[in-house]
Amino acid sequence: MTQVKRSLFTSDGRILEKNDQTPVTIADFGVQALISLELGKLFPSIPLVAEEDSAFLRSNNLVDSVVNVVTDKASCQDKALTQAHVVEAIDRRGEYGPKPATYWVLDPIDGTRGFVKGSDALYVVGLALVVEGQIVLGVMGCPNWRVDNSNANEIKNEPGIIMVAHVGCGTWAKGLPDIQNPSVNWYRCLVDGYTLVHKGRYCISESQTWDSLPLSSSFGSTTDVNNVGDEEVLLLPTCCGSLCKYLMVASGRASVFIQRTRTDRVWDHAVGVICVHEAGGKVTDWNGDQLDLAADEVERKALFPPGGILVSNSGLHQEILEIIASKSSVIS
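Residues numbered from 1 in each chain as written. Predicted model: local features only at pLDDT ≥ 70, side-chain atom pairs only at ≥ 80, totals over all residues. Heavy atoms only, no water.

Run through the overall build of the chain, naming residues and quoting values.
When its secondary structure is counted, the chain shows 9 helices and 17 strands. For the chain, the residues scored as buried account for 53% of the 332 residues in total. Across the chain, the fraction of contacts at a sequence separation of at least 24, relative to all contacts at a separation of at least 6, is 66%. Summed over its atoms, the accessible surface of the chain is roughly 15,300 Å², and 50% of this surface lies on carbon and sulfur atoms. (Helix = DSSP H or I, 4+ residues; strand = E, 2+ residues; numbered from the N terminus. Buried < 20%, exposed > 50% of the residue type's maximum accessible area, 1.4 Å probe, protein only. Contact = heavy atoms within 4.5 Å. Areas by Shrake-Rupley, 256 points an atom, 1.4 Å probe, with all protein chains shown as cover.)

Talk me through the sheet that holds strand E10 (residues 201-204); I want residue IDs and the actual numbers.
With respect to topology, 6 strands assemble into an open sheet ordered E11-E12-E10-E13-E17-E15, the strand pairing being mixed. Two strands lie at the open edges of the sheet, namely strand E11 (220-222) and strand E15 (282-285), each paired on one side alone. Neighbouring strand axes in the sheet, compared pairwise and without regard to direction, differ in orientation by 30° on average. Two strands pair when backbone bridges link them, and E11 and strand E12 (residues 232-235) are joined in this way by 3 bridges, in the parallel orientation. Its bridge partner lying in E12, Ser 221 is registered against Val 233. Strand contacts of helix H8 (residues 270-278): E15 and strand E17 (308-312), with the helix running at about 135° to E15, the strand carrying the most contacts. (Pairing = 2+ DSSP bridges. Axes fitted to C-alpha atoms, helices over the stretch in contact; angles between N-to-C directions.)

Lay out the UniProt feature "binding site: Mg(2+)" (unreviewed entry) in the chain with the relevant residues and their values.
Those residues carrying the UniProt feature "binding site: Mg(2+)" (unreviewed entry) are Glu 51, Asp 107, Ile 109, Asp 110 and Asp 268 in this numbering. A compact arrangement is adopted by the annotated residues: their sequence extent is 218 residues, whereas the largest C-alpha distance between any two is 9.9 Å. Note that Glu 51 resides in the loop between strand E3 (48-50) and helix H3 (54-59). Within the structure, Glu 51 has its side chain in polar contact with the side chain of Arg 265 (distance 3.0 Å). Mapped onto the fold, Asp 268 is located in the loop between strand E14 (264-265) and H8. Judged by relative accessible area, Asp 268 falls into the buried class, the value being 3%. Polar contacts involving the side chain of Asp 268 include one to the side chain of Arg 265, which spans 2.9 Å. (UniProt positions renumbered as here; feature names shortened; annotations may be inferred. Polar contact = N/O pair within 3.5 Å; in protein donor to acceptor, adjacent residues only side chain to side chain.)

Mind laying out the pattern of salt bridges, listing which residues take part and the relevant values?
Inspection of the entire model under this criterion finds 6 salt bridges. Residues Arg 93 and Asp 91 are paired through a salt bridge, measuring 3.7 Å at the closest nitrogen-oxygen approach. By relative accessible area, Arg 93 is classed as partly exposed at 40%. Note that Glu 206 is salt-bridged to Lys 245, the shortest N-O span being 2.4 Å. Here Lys 245 lies in helix H7 (residues 243-250) and Glu 206 lies in the loop between E10 and E11, a separation of 39 residues in the sequence. One salt-bridge network, held together by shared partners, links Glu 51, Arg 265 and Asp 268. (Salt bridge = Lys/Arg side-chain N within 4 Å of Asp/Glu carboxyl O.)

Kindly report on the sheet that holds E3, identifying the contributing residues and their values.
Here 7 strands make up an open sheet; going across it, the order is E3-E4-E5-E6-E7-E8-E9 and the pairing mixed. Either end of the sheet is taken by a strand with one partner, and the two such strands are E3 and strand E9 (187-189). Between one strand axis and the next, the sheet turns by 20° as a mean value, whatever way the strands run. In the packing of H7 onto the sheet, the strands contacted are strand E4 (103-110), strand E5 (124-131), strand E6 (134-142), strand E7 (161-166) and E9, and the crossing angle to E5 comes to about 80°. Contacts from H8 reach E4, E5, E6, E7, strand E8 (170-175) and E9 within the one sheet, and its direction differs from that of E6 by about 100°.

Below is the structure:
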């Protein structure tokens, strides 16, 4: 990861900003190209839905920089990579429609702001497989995941984690340095067991405040774990991006991730959904319905959840939905 970070700046040292005011780096494009190239070799018939596109690279004259990074990191190749190979890998898309489809969903770096910050931020690389409209497989890697000493399942001194989930098989995790070590076992990930709303541990988006969410009418909030009032909930500051919040819930570190949104991006949620589901949790929109992955019939990139998205340990889900419903003006 250190080697990748050396390549993340443009030649004049800037972090670039996309049209939606989110940052992007050479590393975002490089990771997307590398994963797309590998998927293309192994599963050439399955298209990819991913965050970045080459038009941004061309408009900022960054194609050569990304090609250099990808060529340096790619697995052994039968032939030298060209600009055309890398651009094609970044833009490898499919044709969809109203019917259920099969495709990969990739967020090359979820939480780029955190990636730029460094060691304290939980940025995530996330990949999910959707088969006939259903998420069946997910893998998340978080290099800066720190050990929670209260969780006996987690092996001590892990500098990073990889989490995998397969439909019907549960969610499992292992330390990144031990991924090739057969003597270190994978451990099962389970959501926490909180059943009282005010006792749960909550994550929210960095761009939102607790007061902007419907639960704030019933409970205040605090980040002080040792001083949670009777009418308060504990907020867990977690930077950056959405997928690290899913990782928190799936691993049992947080009880709930709640986000107000009417439009969002599928790669910010897909892999998190199956990891939470297979760990015993639940993910719905604020009406209590499953996220509609086919709402964007053309590109499969957008989600349109009524009100927002609720991720929980399952035990708290229905009561939180009822609180949201009682504030019916927040759902449309």
